[in-house]
Amino acid sequence: MSLPPVFAASALYDNLLQGALRQFFGRATFETEPIPSLSSDGRLAIEPTNDPSVLSIRWFGTRHVLHVPARRPFTAHEVRLARAIGSVLALRYRAIFDPKQMLERGDLFRGAIEDRYIGAFLDSTDTGAATVNRADLVATAIEVLRVAALSSYENRAISSGVLLLEGDSDPAHGIGEPPATVAYRYSQALTGIKSFYRLCDGLSTLFLVNGAGTVLDLIEVGRYTKPGRLDVPCPAPYTEHALATAGNRNICVVLSPAHEIKVFTNGVEVFSFRNARWHLLDVQAKYDMWEAAVGSTALAERLFQTAIDLADARQGALFVVLRDHEQSLPHLVAPGDQLDLVRAPARDIPTRMQLLHMLRGRTAVGLDPAILAGLAKTDGATVTDSSGRLLAVGAILLHGEPPEPHSNLAVEGARTTAAMAAARFGAVLKVSEDGLITFYDRQERIWDI
């Protein structure tokens, strides 16, 4: 016996909700429980709770309860994303039972539904309300860059990008709406024009698009940045992109040369699409946790900035900040890898450690950023004390008991294994070559970016 359409649709959309929550909130554990009233009008509610580590969502007679560790409760961005997911699904659900909405809002069903979640988040308020047209515009821009990511030009990977304005024109830069006879929308239709891929590179140049989706101009990103400093570190090649969205309602969407889609708003990179899925970065909340674990603002910022720059360049690294280096360093780094134990070679042949003698007594903050990044790319870990003083560079970390005195033997293992071993003694940032950054502390994985 088949279910009535309304119940079949309710079951389908409840499954879509569960799938979206599991995709974006993988760190949470889930519970579902039936509730007495069965609502079929598509209304979704996030119920208030007294516990910030609990998120309760009610829909279609079911309550979905998400739990995260109390050490890292749900952030404002995570709650906002949950509301955005709910708003998209509720709009779609109501539309399938309303022929008028189906005609007027057919774009709701175009493209990947995950892109709609991102659009709703970027144009939503704390109440979850969104300006429908602008949320759709964001999703359309993402769709264009998705197609571009599948293409190439003269055997080279394509990079591109767009800056979305809230208004219809840009009087501050003397850019108005184009004449109706030559106006065109930023849409997937543009990807069929070969020269479209050469007009902007997404790094220094972008398409400028107004709130109605009309292309206004090609711009250099630097023209839209204001003097100032970002509150949250951002990959160096995209600092201007973040600044172009600081203190305004601009949204920047970029396809990087590594074929990662990056989304910026309010001066922060908020979302990243890589490895075939969207990631809510929540950089502010995660950076605050890293800074608290390190205990030094300058050191935390320098290491974090270096890590995100290396991740953007798809280069691996491992940073370790020891809490008590005098006690823990012998357990983690072999004497032959410790900068403070550099000895003269037995023969007149330079050793690897002699190459690094100039780093003795130096700090990670005192080094030029390019030098620190270059050192971090060498095989092994960069180890500092809590003040930032370099203790080891390119060290293969020990996983077990400390070695015998004056031993140069270290047990080599995978970067993740090394990171977990080091997390017994301090805060660890692991940068993977696929662009993922992971923070470990006290042998626990705290977060991923």
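Residues numbered from 1 in each chain as written. Predicted model: local features only at pLDDT ≥ 70, side-chain atom pairs only at ≥ 80, totals over all residues. Heavy atoms only, no water.

**Notes on the overall build of the protein chain**
Argument step 1. Within the protein chain one finds twelve helices and 19 strands.
Argument step 2. By sequence separation, contacts in the protein chain at least 24 residues apart represent 61% of the contacts at least 6 residues apart.
Argument step 3. Surface summary for the protein chain: the accessible area is close to 20700 Å², and the carbon and sulfur share equals 53%. (Helix = DSSP H or I, 4+ residues; strand = E, 2+ residues; numbered from the N terminus. Contact = heavy atoms within 4.5 Å. Areas by Shrake-Rupley, 256 points an atom, 1.4 Å probe, with all protein chains shown as cover.)

**Brief notes about the pattern of salt bridges**
Argument step 1. The final tally for this structure, using the stated rule, is 22 salt bridges.
Argument step 2. The salt bridge partner of D441 is R71, with a shortest N-O separation of 3.3 Å. In this pair, D441 sits in strand 18 (residues 437-441) while R71 sits in the loop between strand 4 (62-67) and helix 2 (76-95), placing the two residues 370 residues apart along the sequence.
Argument step 3. Residue E444 pairs with R71 through a salt bridge whose shortest N-O separation is 3.3 Å. Of this pair, E444 sits in strand 19 (residues 444-448) while R71 is found in the loop between strand 4 and helix 2, placing the two residues 373 residues apart along the sequence.
Argument step 4. Under the relative-accessibility criterion, E444 is labelled partly exposed at 35%. (Salt bridge = Lys/Arg side-chain N within 4 Å of Asp/Glu carboxyl O. Buried < 20%, exposed > 50% of the residue type's maximum accessible area, 1.4 Å probe, protein only.)

**With respect to the sheet that holds strand 3 (residues 54-59)**
Argument step 1. Strands sit in the order 1-4-3-2 across an open sheet of four strands; the sheet is antiparallel. A strand with exactly one partner marks an edge of an open sheet, and here the two such strands are strand 1 (29-34) and strand 2 (45-47). Taking the axes of each pair of neighbouring strands and ignoring which way they run, one obtains an average angle of 25 degrees across the sheet.
Argument step 2. Note: strand 2 against strand 3, three bridges, orientation antiparallel. By the bridge assignment, E47 is partnered in strand 3 with S56.
Argument step 3. Of the strands in this sheet, strand 2 and strand 3 touch helix 2, which is tilted by about 10 degrees from strand 3. (Pairing = 2+ DSSP bridges. Axes fitted to C-alpha atoms, helices over the stretch in contact; angles between N-to-C directions.)

Coordinates in, geometry out; function isn't part of it.
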